[in-house]
Amino acid sequence: MVVLKREILSQKVSILAWGLAIGFTVGIAIFIYPEMQNQMGSINEMMSSMGSFTKMFNMDQLNFGSLTGYYAIECGNMLGLGGAFFSAIIAISALMKEERDRTVEFLLTHPVSRTRVITEKLISVFVIILIMNTIVLICALIPLMIIGGEISWGTILLFHFAFLLLQFEIAGICFGISAFIGKFGIGIGIGVAALFYFMNLISNLSESAKFLKYITPYGYTDGAAIVSSNSLEIKYLIPGFWFLLIGIIVAYLRYRRKDIQA
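Residues numbered from 1 in each chain as written. Predicted model: local features only at pLDDT ≥ 70, side-chain atom pairs only at ≥ 80, totals over all residues. Heavy atoms only, no water.

Let us now look at the overall build of the protein. When its secondary structure is counted, the protein shows 11 helices and zero strands. Overall, the protein shows an N-to-C arrangement of helices and strands of α-α-α-α-α-α-α-α-α-α-α. Taken across its 262 residues, the protein has 50% of its residues classed as buried. Here the protein displays about 12400 Å² of accessible surface, and carbon together with sulfur accounts for 68% of that area. (Helix = DSSP H or I, 4+ residues; strand = E, 2+ residues; numbered from the N terminus. Buried < 20%, exposed > 50% of the residue type's maximum accessible area, 1.4 Å probe, protein only. Areas by Shrake-Rupley, 256 points an atom, 1.4 Å probe, with all protein chains shown as cover.)

What follows covers the environment of Val127. Here Val127 is to be found in helix H7 (residues 114-147). Judged by its relative accessible area of 28%, Val127 is partly exposed. Put simply, Val127 and Ile8 are 119 residues apart on the chain and 7.8 Å apart in space, counted from C-alpha to C-alpha.

Attention shifts here to unusual backbone geometry. With a phi close to 55°, Asn230 is a non-glycine residue in the positive phi region. Along the chain, Asn230 falls in the loop between helix H10 (223-229) and helix H11 (234-257).

Right, let's talk about the packing of H7 against H11 for a bit. When two helices pack together, their arrangement is given by the angle between the helix axes and the distance between those axes. Two elements in contact, H7 and H11, have axes whose closest approach is 9 Å; the angle formed by their N-to-C orientations is 145°. Between H7 and H11 lies a crossing of right-handed hand. Residues Arg114, Thr115, Ile118, Thr119, Leu122 and Phe126 of H7 touch H11, and the partners they reach there are Leu244, Ile248, Ala251, Tyr252, Tyr255, Arg256 and Arg257. Of the residues contributing to the contact of H7 with H11, the split by class is eight nonpolar, two polar and three charged. (Axes fitted to C-alpha atoms, helices over the stretch in contact; angles between N-to-C directions. Left-handed = near helix turned anticlockwise from the far one by under 90°. Contact = heavy atoms within 4.5 Å. Nonpolar A, V, L, I, M, F, W, Y, C, P; charged D, E, K, R; others polar.)

Chain-level pLDDT for the protein is 84 on average; 82% of the residues reach the 70-or-more range. Here helix H6 (residues 104-108) stands out as the least confident element of the protein, with mean pLDDT 57; helix H8 (residues 153-178) is the most confident, with 93. (pLDDT = per-residue confidence, 0-100.)

You can see Asn200 is positioned in helix H9 (residues 186-205). Judged by its relative accessible area of 11%, Asn200 falls in the buried class. For Asn200, the residues in contact, after removing those within four places along its chain, are Lys213, Thr216, Tyr218 and Gly219.

This part is about the packing of H8 against H9. Between H8 and H9, the least distance of the axes is 10 Å, while the angle of their chain directions is 140°. Relative to H9, the element H8 is oriented oblique. As H8 runs across H9, the sense of the crossing is right-handed. Note on element contacts: H9 touches H8 through Ile188, Gly189, Val192, Ala193 and Phe196, opposite Ile170, Ile173, Cys174 and Ile177. A class-by-class count of the residues in the contact of H8 with H9 yields eight nonpolar, one polar and no charged. (Parallel < 35°, antiparallel > 145°, perpendicular 65-115°, else oblique.)

Per the counting criterion, the structure on display carries eight aromatic pairs. Aromatic pair Trp18 and Phe86: ring centres 5.6 Å apart, planes at 50°, arrangement tilted. With Trp18 in helix H2 (residues 12-36) and Phe86 in helix H5 (residues 67-100), the pair connects residues that are 68 residues apart, well separated along the chain. In this structure Phe86 comes out as buried when scored by relative accessible area, which is 1%. (Phe/Tyr/Trp six-rings, centres within 6.5 Å; stacked < 30°, edge-to-face > 60°.)

This is the structure:
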């Protein structure tokens, strides 16, 4: 497990920086909630009258005045975007960086197969994402416990689990892409995450674009659906699992046969 440990240790600063950055913004948003609570009636009215913007973020289907609804909108967007970008960057760099940093010759001259390299790097990507999300969750739970009030802990944890699955899916897709490139992959990873995010916004705006929810992982992280049913929508989750699996299979098939430039 030398490669696995090496990968995790090499990303320790990124894990801490991204985890604290996202966790800090989530924590601040939670601490602001009690100050805004008395004005939530007028805020709900304002949100419901913003037309397409309201539909785009499903704010017409959530009670912004409840802590759970507020958390789904404010904190969901922060974790959804920040977590997606982080997982995309980590995964797209996993296989690519050996060629980019010219360390591949050192790595592959050791008695370790390419299959093992891919496996350990893949595991490291998921472990890194899991650690980052644990930091964010801790940063969110502490403010929630401090402000108290009526909190649906099961729903809050389900939000975080949904976004963890989203990040795993984006990571799997970007991991597969990583096997095809040798340089300049960070922008591609961020582009993939951003594309999925905007596909979800478009699907919320138009009934004719609802099919996009079967493609974008944001389809099963919809806060309104999670709050109303206290569950994830399996019809959107199943395609996401297949996209994740295909990305991983492609990475193995491509990297094992790739002519790597040292």
